[in-house]
Amino acid sequence: MPSPRCSAPAATPRWQEPIDGTSTPLVRPYLTAYERDEKARIQRLRRDILWCATYGVDLDTRDIHACSAAAS
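Quantities reported herein were computed from a predicted structural model and do not represent experimental measurements.

Reading guide: rules and limits
- Residue numbers here run from 1 along each chain, matching the order of that chain's written sequence.
- Local features in a predicted model are, by the rule used here, given only for residues with pLDDT of at least 70; side-chain atom pairs are given and counted only at 80 or more, and totals for whole chains, interfaces and linings are based on all residues.
- Heavy atoms throughout the structure, all of them, feed into the side-chain values; hydrogens and water do not.
- Think of it this way: any DSSP run of H or I at least four residues long counts as a helix, any run of E at least two long counts as a strand, and we number them from the N terminus.
- Only protein chains enter the area calculation, which uses a 1.4 Å probe; residues under 20% of their type maximum are buried, those over 50% are exposed, and those in between are partly exposed.
- By definition, a salt bridge exists where a carboxyl oxygen of Asp or Glu is found within 4 Å of a side-chain nitrogen of Lys or Arg.
- Here a patch means residues that are over 30% exposed by relative accessible area and free of salt bridges, tied together within 9 Å if like-charged and within 5 Å if nonpolar (Val, Leu, Ile, Met, Phe, Trp, Tyr).
- To be clear on the numbers: accessible area is Shrake-Rupley with a 1.4 Å probe, and residue cover counts the displayed protein chains and nothing else.

Caption draft 1: Structural context of the overall build of the chain. The helix and strand inventory of the chain stands at 1 helix and 0 strands. Within the span of the chain, comprising 72 residues, buried residues form 1% of the whole.

Caption draft 2: Local environment of the pattern of salt bridges. For the coordinates displayed, the defined rule picks out 1 salt bridge. Here Arg41 ties to Glu38 by a salt bridge, and the two come within 2.8 Å at their closest N and O atoms. Taken as a pair, Arg41 and Glu38 lie in helix α1 (residues 29-53) at a separation of 3 residues, close to a single helical turn. Judged by relative accessible area, which is 41%, Arg41 ranks as partly exposed.

Caption draft 3: A look at a nonpolar patch on the surface. A surface patch of nonpolar side chains, amounting to about 470 Å² of accessible area, comprises Trp51, Tyr55, Val57 and Leu59. One can find Val57 in the segment after α1.

Below is the structure:
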């Protein structure tokens with residue numbers, strides 16, 4: 001039995017119209033996931049600091065009453 005032969009090579013797919021840049025995400029999803037997780041982490045930290053402040057625990061290490069050295 002003779003082996004079948006391809007008469008023509010497979011057609012290469014080509015774009016028929018230009019790609020719409022507004023519908024294509026330009027940022028990789030893992031970067032946006034990191035930013036979203038970082039915002040959530042900061043929000044949790046703020047909420048935890050406020051919760052501790054209701055019990056009189058001060059977790060903020062900044063001294064808001066300190067004078068800056070540059071001021072005269």
